Amino acid sequence: NIRMAVRALRAAPVVSLLAILCMGLGIGSVTTVYSTASAFTLHPLPQLVDPERLLLVADAPANAPLRGESVAHATFNDLAALAEFSVAAVVTGFTANIAGYDLPERANGGRVSAGFFRLAGRTPMLGRAFLPEEMVPGAGRVVILSYGLWQRRFGADPSVVGRAVRLNGEPWTVVGVMPEDFIFPAGTQLWVPYAPSPTEAADRSRRNLFMLARLAPGISTERATAAIGALGARLAVDWPAAYDGRVLHAQPAEAFFGAGPRPFMLVLLSAVAFLLLIACANVANLLLARATGRRRETGVRVALGASRGRLAAQFLTESLLIALAGGVVGVVFAWWGTRASAATAPLEVQQYIPGFGAIHLDARACVVAAIVSVFSGVLFGLAPALAGSNVDVVTALKDAGRGESRRSAMRRVRAALVVGEIALALMLVYGAALMVTTFRRLSVSYPGFRTDHVLTGAVTIPEADYARDSAVVQFWERLRQSTAELPGVEAAALTTVLPMTWEEQRARFYPETEKPDRPENIPGAGF
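Structure report, in brief. (Residues numbered from 1 in each chain as written. Predicted model: local features only at pLDDT ≥ 70, side-chain atom pairs only at ≥ 80, totals over all residues. Heavy atoms only, no water.)

## As for the overall build of the chain
Our working rule: Under the DSSP-based scheme used, a helix requires at least four consecutive residues in state H or I and a strand at least two consecutive residues in state E, with every element numbered from the N terminus. We call a residue buried when its accessible area falls under 20% of the maximum for its residue type, exposed when it is over 50%, and partly exposed in between, using a 1.4 Å probe and counting protein chains only. Contacts between residues were defined by any pair of non-hydrogen atoms, one from each residue, lying within 4.5 Å. Accessible areas in this description were obtained via Shrake-Rupley with a 1.4 Å probe; residue shielding takes into account the shown protein chains only.
Across its full length, the chain carries 18 helices and 12 strands. Burial status across the chain gives 38% buried among its 527 residues. A sequence separation of at least 24 residues applies to 77% of the contacts in the chain between residues at least 6 apart. Carbon and sulfur atoms make up 63% of the accessible area of the chain, which amounts to about 28,900 Å² in all.

## A few points about the packing of helix H2 (residues 13-42) against helix H12 (residues 308-342)
What counts here: The axes used here are C-alpha line fits, helices contributing only the stretch in contact, and every angle between their N-to-C directions lies in the interval 0 to 180 degrees. Oblique is the label for any angle not under 35 degrees, not over 145, and not in the 65 to 115 range, which are roughly parallel, roughly antiparallel and roughly perpendicular in turn. A crossing counts as left-handed when the near helix is turned anticlockwise from the far one by less than a right angle, and as right-handed when that turn is clockwise.
Contact geometry for H2 and H12: axes closest at 6 Å, N-to-C directions at 45°. The orientation of H2 with respect to H12, classified from their angle, is oblique. Between H2 and H12 the crossing geometry is right-handed. Of the residues in H12, those touching H2 at Ala19, Ile20, Leu21, Met23, Gly24, Leu25, Ile27, Gly28, Thr31, Thr32, Ser35 and Thr36 are Ile322, Ala323, Ala325, Gly326, Gly327, Val329, Gly330, Phe333, Ala334, Gly337, Thr338 and Ser341.

## With respect to the pairing of strand S2 (residues 85-99)
Regular strands have side chains that alternate between both faces of the sheet. The line we're drawing: Strands are labelled as partners when DSSP assigns at least two bridges between them.
Judged from the six bridges that link them, S2 and strand S9 (residues 210-215) form a sheet pairing that is antiparallel. Paired with Ala89 across the bridge in S9 is Leu212. As judged from the eight bridges shared by S2 and strand S3 (residues 105-112), these two strands associate in the antiparallel manner. Following the sheet pairing, Phe94 is matched in S3 by Gly109. Two successive antiparallel strands, S2 and S3, enclose a turn made up of five residues, where Gly100 displays a positive phi of approximately 90°. Here two bridges tie S2 to strand S6 (residues 164-167), and the two strands are oriented antiparallel to one another. Counted as the bridge partner of Ile98 is Leu167 from S6.

## Observations concerning the nonpolar core
Selection criterion: As used in this record, nonpolar core signifies buried Ala, Val, Leu, Ile, Met, Phe, Trp, Tyr and Cys residues forming a set joined through side-chain atoms within 4.5 Å.
Residues Phe116, Phe117, Phe130, Phe182 and Trp191 are the most contacted members of the largest nonpolar core, which totals 24 residues. Those elements that provide at least two residues to this core are strand S1 (54-61), S2, helix H4 (116-120), strand S5 (142-145) and S9. The leading source of residues in this core is H4, at four residues. Other than its neighbours up to four places away in sequence, Phe117 contacts Val112, Arg122, Ala129, Phe130, Ile144, Met178, Phe182 and Trp191.

## Here we look at the side chain of Thr460
Looking at the secondary structure, you find Thr460 in the loop between helix H17 (402-444) and helix H18 (469-484). For Thr460, the contacting residues outside a window of four places in its chain are Thr95, Asn97, Arg106 and Asn168.

## Looking at unusual backbone geometry
Negative phi is the rule for most residues except glycine; trans is the rule for most peptide bonds. Looking along the chain, the bond that leaves Phe184 and enters Pro185 is cis, with omega of -10°. Within the fold, Pro185 resides in the loop between strand S7 (170-177) and strand S8 (190-193). Notably, Asp50 is not glycine yet its phi reads approximately 45°, a positive angle. If you trace the backbone, Asp50 turns up in the loop between H2 and S1. Residue classification places Asp50 among the partly exposed positions, given a relative accessible area of 41%. A positive phi angle is found at Asn168, which is not glycine, with a value near 55°. Structurally, the position occupied by Asn168 is in the loop between S6 and S7. Overall, the relative accessible area of 15% leaves Asn168 in the buried class.

## Regarding the pattern of salt bridges
Two side chains of opposite charge can pair, provided their charged atoms sit close to one another. We count it as follows: Salt bridges are defined by distance alone: a side-chain nitrogen of Lys or Arg within 4 Å of a carboxyl oxygen of Asp or Glu.
Following the criterion strictly, the structure yields 14 salt bridges and no others. Its salt-bridge partner being Arg204, residue Asp78 comes within 3.0 Å of it at the nearest N-O pair. Linking Asp78 in helix H3 (residues 73-80) with Arg204 in the loop between helix H6 (198-202) and S9, this pair joins segments that are 126 residues apart in sequence. For Glu200, the salt bridge goes to Arg206, with nearest N and O atoms at 3.4 Å. By relative accessible area, which is 27% here, Glu200 ends up partly exposed. What you see here is one network of salt bridges that share partners, running through Asp59, Arg207 and Arg246.

## Thoughts on the packing of aromatic side chains
Stated formally: Note on aromatic pairs: the rings of Phe, Tyr and Trp (six-membered ring only in Trp) are paired at centre separations within 6.5 Å, and the planes decide the class, stacked below 30 degrees, edge-to-face beyond 60, tilted for the rest.
Tallied over the entire structure, the rule returns 14 aromatic pairs. A centroid spacing of 6.2 Å and a plane angle of 15° characterise the contact between Phe116 and Phe184, whose relative ring orientation is stacked. Of the two residues, Phe116 is situated in helix H4 and Phe184 in the loop between S7 and S8; the sequence distance between them amounts to 68 residues. When its relative accessible area of 3% is taken as the criterion, Phe116 is described as buried.

## Considering a nonpolar patch on the surface
Condition: Each patch is built from residues that are more than 30% exposed by relative accessible area and take part in no salt bridge. Like charges join if they lie within 9 Å; nonpolar side chains (Val, Leu, Ile, Met, Phe, Trp, Tyr) join within 5 Å.
On the surface, a cluster of nonpolar side chains totalling about 400 Å² of accessible area is made up of Leu324, Val374, Val378, Leu382 and Leu386. With four residues, helix H15 (residues 363-389) is the largest single contributor of residues to the nonpolar patch. Examined against the element boundaries, Leu382 turns out to sit in helix H15.

## Observations regarding helix H5 (residues 147-154)
Applied cut-off: By definition, the arc is the one covered by directions from the helix axis to the C-beta atoms.
Looking at H5, one finds that the buried residues are Leu149, Trp150, Arg153 and Phe154. End-on view of H5: buried residues confined to an arc of 100°, all on one side of the axis. Gly155, located one to two residues past H5, shows a positive phi value of around 60°.

## Details of the pairing of S8
Burial along S8 is two-sided: the face carrying Leu190 and Val192 and the face carrying Trp191 and Pro193 are both buried. Inspection of the sheet shows S3 paired to S8 by four bridges, in the parallel sense. Residue pairing across strands places Val112 opposite Pro193, the latter belonging to S8. Inspection of the sheet shows S5 paired to S8 by two bridges, in the antiparallel sense. The residue of S8 that forms the bridge with Ile144 is Trp191.

## Focus: the state of the cysteines
This is how it is decided: Any two cysteine sulfur atoms within 2.5 Å of one another count as a disulfide.
The full count for this structure, using the stated rule, is zero disulfides. No disulfide involves Cys22; its nearest neighbouring cysteine sulfur is the one of Cys280, lying 8.2 Å away. Judged by its relative accessible area of 4%, Cys280 is buried.

This is the structure we're talking about:
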């Protein structure tokens, strides 16, 4: 069957080449989008070792969705002691002003607990990780740099380890540099030890930590989740003021980090699925047209004793060969497509979205391409196989009489495929037009404030230099006045949060005459 299929495809090289390229485009699109979806939603933590063994744990109201940064230090200590975890760690973000080695700059940092790098399964490429004795208040100030910051700020100088750098006006010693692909949490450019004060460590209502825990060997997610729930119930009994109406949630880390882009990836996968169906309809039409021209050949085979099943298998083999060849072409397209996708975002964005750096064509994507190829081959090959194998010997050899009615039936099938193609294509075009229209309207819509001729900037004040509130107020007032006096500046103002940004400050509010029953029932508003 395969030898005869190859011979048949070589007999019509133009049709075969068009079919293979058409399927290559469809399969390549599916494989490219799958690789992108894998990087963003299925495997969004490529910088961590065995991320499927990581759980995100949070202390939240019972009726609220799971969020990060909602564990108190004391709660973390209780959770870290569970036998179901081999290691647990917390991280909280901060902003650092870096001075020395060129102009000052503002960088995002992370305060991490002792087991953070062990939980991630990563070690510094230069220097060392933090030591346990550095995780206490008043210990020596040490910092680990990201690869990007080390390259950009310190000129990739390997002797930077052991040297001092000023963070927020205070000297810190560089003890390590992380590998290039390690950026966690997203956008973090340096890490320092998390050393809470005794008051912070004992405050169970100070839920400002993001917690991850690695499952111990042989422990399932279900067992760990049950242990976390049981611990939450005990804490509610022991500390009712801090845990009343709250529970300890747990969720696989990959599911949490992949939840954001998942709707967008589903839309993309749906779009390329339509594109693949259009490609299948195209190829089915080509093969149906070719089957019409091969009726005399098919009649001779039937006359020599070929059964309808044998003929259908022969036509299906040809379709599968086209699909598999299209799959090979699709993998080539996908290799180019993934590289193009990974290069679409500038480095400034990639450091906040690690998925961009993880977009590549791996073994899983090739398996998907193979499965899609076989499925597509059967899908578009079924109609030609059934139509081509349904031949009457006499009419096929004479090519007259009832053959005209059979050709009419095949034309009706081909017409139905064309109608389906047009319908799918119209859906894709209409959806794309709606997206373009929505984007245009969002781009030109008035947000409620003027954005032209406006510059913004972010400033972080080092606590060491501005310990008193009065000094902070004086700094901001001097900054505002000096900025307003610059040539060409009409007005200058200060705000804690810029409008329509991801950052937000919220406060709960209620009338003075009403006493709320539960804290989580008090409404909140951004300010």
